[in-house]
Amino acid sequence: MNALKHSLAGLAAALLLAGCGALPDKPARAALYDFGPGSTPTATAGAAAPRALPMIALAEVDANSRLDGTQLLYRLGYADSNELRPYGQSRWSQPPAQLLRQRLREALSAGHTVLGPEESATIARTEGRLPDTLRVTLEEFSQYFEAPDRSVGLVRVSATLTRSQPGGDKVLAQRSFTARKPAPTQDGPGGVKALAASSDAVVAELVAWVDQAR
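Computed from a predicted model, the values in this text were never measured in an experiment.

Chemist: For this particular structure, what's the right way to read the packing of aromatic side chains?
Modeler: Any aromatic ring pair is given by two values, namely how distant the centres are and how the planes are angled relative to each other. Taken as a whole and judged by the stated rule, the model has six aromatic pairs. Between Tyr-74 and Phe-145 the ring centres are 6.0 Å apart and the planes differ by 80°, which places this aromatic pair in the edge-to-face class. Of this pair, Tyr-74 sits in strand E4 (residues 71-76) while Phe-145 sits in strand E7 (residues 132-147), and the two are 71 residues apart along the sequence. Phe-145 matches Tyr-74 in its accessibility class, with the two residues each being buried. Three or more aromatic residues joined by ring pairs make a cluster, and in this case those are Phe-35, Trp-92 and Phe-141.

Chemist: Looking at this structure, I do not really get the environment of Glu-60. What am I missing?
Modeler: The topology assignment puts Glu-60 in the loop between strand E2 (56-58) and strand E3 (62-63). Taking the C-alpha atoms as reference points, Glu-60 and Ala-97, separated by 37 residues in sequence, lie 8.2 Å from one another.

Chemist: I tried to follow the side chain of Arg-75 on my own but got confused; where do I start?
Modeler: Position of Arg-75 among the secondary structure elements: in strand E4. At 3.0 Å, the side chain of Arg-75 forms a polar contact with the side chain of Glu-140. With residues near it in sequence (within four places) discarded, Arg-75 still touches Arg-66, Ser-81, Asn-82, Glu-83, Leu-84, Glu-140, Ser-142, Gln-143, Tyr-144 and Phe-145.

Chemist: Before we go on, may I ask you to explain helix H4 (residues 188-213) in this structure?
Modeler: For an α-helix, 3.6 residues make a turn, and residues three or four places apart therefore share a direction. A rise of 1.5 Å per residue sets the reference length of H4, with its 26 residues, at 38 Å; its end C-alpha atoms lie 37 Å apart and thus fit the reference within 8%. For H4, the capping residue at the N-terminal end is Asp-187, with a side-chain oxygen 3.0 Å from the backbone nitrogen of Gly-190.

Conventions used here
- Residues numbered from 1 in each chain as written.
- Predicted model: local features only at pLDDT ≥ 70, side-chain atom pairs only at ≥ 80, totals over all residues.
- Heavy atoms only, no water.
- Phe/Tyr/Trp six-rings, centres within 6.5 Å; stacked < 30°, edge-to-face > 60°.
- Helix = DSSP H or I, 4+ residues; strand = E, 2+ residues; numbered from the N terminus.
- Buried < 20%, exposed > 50% of the residue type's maximum accessible area, 1.4 Å probe, protein only.
- Polar contact = N/O pair within 3.5 Å; in protein donor to acceptor, adjacent residues only side chain to side chain.
- Contact = heavy atoms within 4.5 Å.
- Expected span 1.5 Å × (residues − 1).

Following this line, the structure appears as C-alpha cells:
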C-alpha cells in the first residue's frame with residue numbers, strides 16, 4: 001500500500017513539473033523610444049549671443065485620435081495605404097504630439113522666450129498683453145512603406161500663428177509642413193530613426209517660418 005502511495009505521489013509530481021514546463025514564457029516587454037537627447041550645444045568663447053526675438057506662446061500640439069496613443073504606426077503604401085498598422089513590440093515613450101512639442105519648444109528657445117498656455121495667461125493678467133501664439137496640429141506620423149524594402153518616416157503638420165487683438169485673434173500666417181526621411185532598416189527601430197529625423201526637419205522649417213512671419 002505504501003509503495004502504491006509513493007508511486008502515485010511520484011506520478012503527480014512528474015505531471016506537475018511537466019505542466020509547469022509547458023507554461024508560456026512571460027511576454028516580452030515592448031521597447032520604448034523617443035526622439036533622442038536632442039541638441040546639446042556648447043558655448044564657444046567669443047561667440048556672439050543669439051539675437052533676442054519676441055516671446056512666443058506655444059500651445060499644446062493637437063492630434064487626431066489615431067495619434068493620441070503611444071503605438072508606433074506604419075502604412076503599406078504598396079498594398080493599402082489607408083490602413084494604419086501598429087508594431088507589436090515597439091512603442092513611443094509618450095504620444096507623438098508631446099514628443100514633437102518638446103522638440104519644437106527646444107528649437108524655439110534658441111532665439112525666443114517660449115511660454116506655455118498657463119504662462120501666457122499669467123502674462124496677460126499681469127501685463128495686460130498676450131504674446132503671439134503658435135498652434136500646431138499633427139496630421140500624419142507613420143512609417144510609410146513605399147515597397148517591402150523601402151520606407152520613410154512621414155510627418156505632416158499644419159501650423160497657425162496668431163496675434164491677440166481687442167477685436168479677437170488675428171491670423172498672422174498659416175501653413176502646412178511635410179517631411180519624409182528614409183528609414184535605415186525596414187522595421188520598428190528603423191521607423192523610429194526615420195520619424196525622429198522627419199520631425200527634426202519639420203521643426204527646423206517651422207522655426208524658420210515663425211521667425212519670418214513676425
